[in-house]
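Survey of secondary and tertiary structure
Each chain, letter by letter, is given below.
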Amino acid sequence: QVQLVESGGGLVQAGGSLRLSCAGSGRTFSSYAMGWFRQGPGKEREFVAAINWDGDKTYYADSVKGRFTISRDNAKSTVYLQMNSLKPEDTAVYYCAADSSVSYSSSWWSAWGQGTQVTVSS
């Protein structure tokens, strides 16, 4: 099973940008669909974005559409989440996930990273 490690979180002012990275181990990374989820304080884990195995299909939550972009580089076994025009309500721990196909449900995904904190100040 693929191992995932997120990086790139931090503190940013509202309106700013961050790019999260998720590095996967193993030679089968390119066969996985990849997703980003987030969990804010006192909230359930929610879908943010996902991308299929070769990157030609992407999916976004309505709350981030037009502001966030998911991409992947299979040669580097890495998936990215570019986050622009950040809002205080984007504050959460962000997790990347991997599985055979895309789902909006967190319970579908079998492999998870440890998470990276994103804090957006107003």
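Look above for the structure.
First things first, this report covers the structure right here in the doc. None of the values given here were measured: they were computed from a predicted structure. (Residues numbered from 1 in each chain as written. Predicted model: local features only at pLDDT ≥ 70, side-chain atom pairs only at ≥ 80, totals over all residues. Heavy atoms only, no water.)

1. Considerations on the sheet that holds strand S8 (residues 78-83)
Note on sheets: strands pair through backbone hydrogen bonds, and any given pair is parallel or antiparallel. Taken together, 4 strands build an open sheet; the order of strands is S1-S3-S8-S7 and the sheet is antiparallel. Taken across any chain shown, the strands that pair with only one partner, and hence form the sheet edges, are strand S1 (4-7) and strand S7 (68-73). Averaged over all pairs of adjacent strands, the angle between strand axes in this sheet comes to 15 degrees, irrespective of strand direction. Summarising the sheet, S7 and S8 pair through 6 bridges and their orientation is antiparallel. When the bridges of S8 are listed, Asp-73 appears paired with Thr-78. (Pairing = 2+ DSSP bridges. Helix = DSSP H or I, 4+ residues; strand = E, 2+ residues; numbered from the N terminus. Axes fitted to C-alpha atoms, helices over the stretch in contact; angles between N-to-C directions.)

2. Details of the packing of aromatic side chains
A full pass over the atoms with the stated rule returns 6 aromatic pairs. Relative to Tyr-104, the ring of Phe-47 has its centre 4.6 Å away and its plane inclined at 70 degrees; by these criteria the two rings are edge-to-face. Residue Phe-47 is found in strand S5 (residues 46-51), and its partner Tyr-104 is found in the loop between strand S9 (92-99) and strand S10 (111-112); the two are separated by 57 residues along the sequence. Of the residues examined, Phe-47 reaches a relative accessible area of 10% and is grouped as buried. Consider the rings of Tyr-59 and Tyr-104, whose centres lie 6.4 Å apart with planes at 90 degrees: the pair is edge-to-face. With Tyr-59 in strand S6 (residues 58-60) and Tyr-104 in the loop between S9 and S10, this residue pair connects regions lying 45 residues apart in the sequence. Of the aromatic side chains, those joined through ring pairs into one cluster are Phe-37, Phe-47, Tyr-59, Tyr-95, Tyr-104, Trp-109 and Trp-112. Against the face of Tyr-95 rests Arg-45, its NZ or CZ located 3.8 Å from the ring centre. Arg-45 extends its terminal NZ or CZ atom over the ring of Trp-112, reaching a point 4.7 Å from the ring centre. (Phe/Tyr/Trp six-rings, centres within 6.5 Å; stacked < 30°, edge-to-face > 60°. Buried < 20%, exposed > 50% of the residue type's maximum accessible area, 1.4 Å probe, protein only. Lys NZ or Arg CZ within 6 Å of the ring centre and 35° of its normal.)

3. What about unusual backbone geometry?
The phi dihedral of Ser-77 is positive, around 50 degrees, even though this residue is not glycine. Residue placement: Ser-77 occurs in the loop between S7 and S8. Although it is not a glycine, Ser-85 adopts a positive phi angle of roughly 50 degrees. Relative to the assigned elements, Ser-85 resides in the loop between S8 and S9. Given the relative accessible area of 42%, Ser-85 is considered partly exposed.

4. So, the state of the cysteines
Summed over the entire model, instances satisfying the criterion amount to 1 disulfide. Across the disulfide, Cys-22 is cross-linked to Cys-96 (sulfur-sulfur distance 2.0 Å). Handedness here is read from the sign of the S-S torsion; for Cys-22 and Cys-96, about 50 degrees, the answer is right-handed. With Cys-22 in strand S3 (residues 18-24) and Cys-96 in strand S9, the pair connects residues that are 74 residues apart, well separated along the chain. Among the residues examined, Cys-22 registers a relative accessible area of 0% and is labelled buried. Judged by its relative accessible area of 0%, Cys-96 is buried. (Disulfide = S-S within 2.5 Å.)

That's the geometry; what it means functionally is another story.
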